[in-house]
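Notes for the structure review
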Amino acid sequence: MRRFYFLFFVLYLYQAKSQQNQIDLKQIDDSFYKNNSFYFSLPQRNKDISVGYLGEIIKIEHLNQKFFRTDINGVKVELMAIKVPKAKGLAIYFKNISLANGSKLYIYNQNDTLEYSSKNIYKGEYFSTQFVDGDNIKILLIENPKNIFQLNELSAAVTQSVNKFKKSVDCQVDVNCYDPIIWKSQKRAVVKIITKNTNQGLSVTSLCSGVVINSTDYANNKRPYILTADHCHTGKIGALYISPKKEDMAAYKFIFNYEKSKCNTDDQSEDQYIIGADIIANEGKTGDDGVDFALFRLKDEIPDKFNPYYAGINITDNTSNITKLNYCIHHPRGIDKKVSITNFIQSSLDPISKTKNSTWKVKWKNSYTKEGSSGAPIFDEDGYLLGLLTGGSASNCNDNLSDYFIKMKYIWSYYNDDKKRIDKYIDKNNEIKNNVLKAFDPNGDDGTNDKEDNIHSIKILKNKYSGIIQLVKGDNLDIRAISLWDIKGRLIFKKDSELSFPIRLNYLTSGIYVIKVNIKGKYHTKKILYLQD
């Protein structure tokens, strides 16, 4: 009986303590904040600093001593309010923040409420909150002597209301709206990036996309590499190029798996992220010299629960060596992952580049990119990274304009300077073969098609004059058996002998198909995305 009463007493104390730390934000009178509100003005700018420009960085370190301490329903709290007229959203950068068990931090206003505790505060030197829409926020912290809490900067969105844009209603396609088997692995490599630059008069934050890539020394060094565009990193005022300070990069935020679980749902989350990176290599001139890339190494290892994927690389420079259908996975304006598909890709002189033939020129079949898509990867149909989005004109549905991607060949080794190329870091063991560096999936198959034996030359094509759909292959591909399956596992076509190409197929609907072939006694599988014209 003593044990029973003792257990009951412990549970009672725990419940009482938990209730003590509960705050009903709706019941907090505005008078608590009335005499502890702080106002900041946005700087006047004639134009955006960069393509991914989101807003301004405002120093607020001096507010650390300005918190109002009070007691609300028996709970000791610290609070203040901040307003930035004309801002469309606000987020806070903290330095050296650590919350004790039982303590909570609230960032809120009339539009939204963010709640943080020791369970979801990033364990690092810097921490940044998500954006709350509007020009004002309230900060409330439940006091605890063990709390470490230091305001550092305020990020004020200027170009857009970050959260309102999440509900896309145009031709942007959620990454999981198509049955994503063809990019089910590759999408896990794509990240949303929030950068900041407070060097030499700049005070800006930007939104971009990026991709986690494989390296041949990954097993020996688990701080992964991420590629994005240099104009997402290097700033520019007039003719002056400005690199972010080290403490700026320590606050870079890389958000994983920011996507809807199913088509047109509203369950995307920014809870999986890593803060901080080191710059390893970049052009240093926002792409003005023609090779717009920046290679980062994350400060921390990617947790297993993020289910990361390390993309493989294709450094071909010839359109005849890549598949007809390619796709870009990106975060336009910082929203959840979208996919854009193209069946038009060619080598091109980028109109904003000084380096001839350094880009792939694409026209989209189903969607388009926006600000915030910069640095996004384009993959070939076999799942290998072909390039990074550097710019373009495609920004509306059906406008038939072009986007441009810096080729991986130029990112790989175009410059002689080791600080302006990635091969010296990515492939230290010289494992690239046939222009391809394999992907790495810690949780299974690497998600790419085998490029050996010229398997990528197998395609489904439709004759634009006759309308006949055919299965075609390269001249030197010795196929001994072939079968074609739809995404649900239903057999479409099978032949084990007397093969004669091209093979005429019955009517096919747009979708993803799987081909299984026997080449020289070895079986290979290839995923093909077929789109009707």
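Scroll up a little and you will see the structure.
Parameters at a glance
- Residues numbered from 1 in each chain as written.
- Predicted model: local features only at pLDDT ≥ 70, side-chain atom pairs only at ≥ 80, totals over all residues.
- Heavy atoms only, no water.
- Helix = DSSP H or I, 4+ residues; strand = E, 2+ residues; numbered from the N terminus.
- Buried < 20%, exposed > 50% of the residue type's maximum accessible area, 1.4 Å probe, protein only.
- Areas by Shrake-Rupley, 256 points an atom, 1.4 Å probe, with all protein chains shown as cover.
- Pairing = 2+ DSSP bridges.
- Axes fitted to C-alpha atoms, helices over the stretch in contact; angles between N-to-C directions.
- Salt bridge = Lys/Arg side-chain N within 4 Å of Asp/Glu carboxyl O.
- Polar contact = N/O pair within 3.5 Å; in protein donor to acceptor, adjacent residues only side chain to side chain.
- 1 Å grid on protein atoms, 1.4 Å probe; cavity = no way out; pocket = protein on both sides within 12 Å on 5 of 7 lines; lining within 4 Å.
- Points joined across faces, edges and corners; volume = space filled by probe spheres on them.
- Nonpolar A, V, L, I, M, F, W, Y, C, P; charged D, E, K, R; others polar.
- Phe/Tyr/Trp six-rings, centres within 6.5 Å; stacked < 30°, edge-to-face > 60°.
- Contact = heavy atoms within 4.5 Å.
- Disulfide = S-S within 2.5 Å.

Considerations on the overall build of the chain
The helix and strand inventory of the chain stands at 5 helices and 36 strands. Residues classed as buried in the chain amount to 56% of the 533 residues present. Working note: accessible area of the chain is about 24500 Å², and carbon and sulfur atoms make up 46% of it.

Considerations on the sheet that holds strand β31 (residues 469-472)
Remark on secondary structure: sheet strands pair via backbone hydrogen bonds, oriented parallel or antiparallel. Read across the sheet, 3 strands follow the order β30-β31-β34 without closing on themselves; strand pairing throughout is antiparallel. The outermost strands of the open sheet, each flanked by one partner alone, are β30 (459-462) and β34 (503-505). Across the sheet, the axes of successive neighbouring strands diverge by a mean angle of 35°, strand direction being ignored. In the sheet, β30 pairs with β31 via 4 bridges, with the strands oriented antiparallel. Across the sheet, residue Leu461 finds its bridge partner in β31, namely Gln470.

So, the pattern of salt bridges
Under the criterion given, the structure shown has 20 salt bridges. Note that Glu270 is salt-bridged to Lys192, the shortest N-O span being 3.3 Å. Within this pair, whereas Glu270 is found in the loop between β17 (253-256) and β18 (273-275), its partner Lys192 is found in strand β12 (residues 190-197), the two being separated by 78 residues in sequence. Overall, Glu270 belongs to the buried group, its relative accessible area being 7%.

Structural notes on the sheet that holds strand β36 (residues 522-530)
Read across the open sheet, the 4 strands follow the order β33-β32-β35-β36; overall the sheet is antiparallel. Both outer strands of the open sheet, β33 (491-495) and β36, are each paired with one neighbouring strand and no more. In this sheet, neighbouring strand axes are inclined to one another by 15° on average, regardless of whether the strands run parallel or antiparallel. Note that strand β32 (residues 479-486) and strand β35 (residues 511-519) share 7 bridges and pair antiparallel. Residue pairing in the sheet places Leu484 in a bridge with Ile515 of β35.

Some remarks on the pairing of strand β5 (residues 89-95)
Counting buried residues along β5, 6 of its 7 residues qualify, which places the element largely inside the surrounding structure. As paired strands, β5 and strand β9 (residues 132-133) are joined by 2 bridges and run antiparallel to one another. Bridged to Gly89 within β9 is Asp133. Looking at chain direction, β5 and strand β8 (residues 126-128) are connected through 3 bridges and run antiparallel. From the neighbouring strand, Phe94 faces β8, where its bridge partner is Phe127.

Concerning the side chain of Thr390
The residue Thr390 is located in strand β27 (residues 385-392) in this model. Side-chain polar atoms of Thr390 contact the side chain of Asp292, separated by 2.8 Å.

Looking at empty space enclosed by the protein
Across all of its chains, the model carries 3 cavities of 30 Å³ or more by this definition. Approximately 60 Å³ is the volume found for the second largest cavity. Lining the second largest cavity are Ala91, Tyr93, Ser128, Thr129, Gln130, Phe131, Ser155, Ile194, Lys253 and Glu270. Its residues assigned to classes, the lining of the second largest cavity shows 4 nonpolar, 4 polar and 2 charged.

Considerations on the packing of aromatic side chains
Per the stated rule, a full pass over the model turns up 16 aromatic pairs. The interplanar angle of 70° and the centroid separation of 5.6 Å between the aromatic rings of Tyr252 and Phe296 together place this pair among those described as edge-to-face. Here Tyr252, found in the loop between α3 (246-249) and β17, pairs with Phe296, found in strand β20 (residues 294-298); they are 44 residues apart in sequence, far enough to count as distant. This pair shows no difference in class: Tyr252 is buried, exactly as Phe296 is. Here Trp364 and Phe405 contribute two aromatic rings whose centre-to-centre distance is 6.0 Å and whose plane-to-plane angle is 80°, an arrangement assigned as edge-to-face.

A look at the side chain of Ser209
Inspection of the secondary structure puts Ser209 in strand β13 (residues 204-213). For Ser209, a relative accessible area of 0% puts it in the buried group. A polar contact is formed between the side chain of Ser209 and the backbone oxygen of Gly372, at a distance of 2.8 Å.

A few points about the environment of Ser155
Its place among the elements puts Ser155 in strand β11 (residues 151-157). Taking relative accessible area as the criterion, Ser155 reaches 1% and is therefore assigned buried. Remark: the alpha-carbon pair of Ser155 and Ala91, spanning 64 residues in sequence, is separated by 5.0 Å. Here Ser155 is in contact with Glu56, Ile57, Gly89, Leu90, Ala91, Tyr93, Phe131 and Thr205, once residues within four sequence places are set aside.

Some points on the environment of Gly134
Structurally, Gly134 is set in the loop between β9 and β10 (136-142). Residue classification places Gly134 among the buried residues on the basis of a relative accessible area of 16%. Between the C-alpha atom of Gly134 and that of Ala156, which follows or precedes it by 22 residues, the distance is 9.5 Å. Setting aside residues up to four positions removed in sequence, Gly134 forms contacts with Ala87, Lys88, Gly89, Leu90, Asn109 and Asn111.

With respect to the state of the cysteines
Enumeration according to the criterion identifies 2 disulfides in this entry. Residue Cys177 pairs covalently with Cys263 via a disulfide, S to S 2.1 Å. On the sign convention where negative means left-handed, the S-S torsion of about 80° between Cys177 and Cys263 marks this disulfide as right-handed. Here Cys263 lies in the loop between β17 and β18 and Cys177 lies in the loop between β11 and β12, a separation of 86 residues in the sequence.

That is the geometry; function is a separate question.
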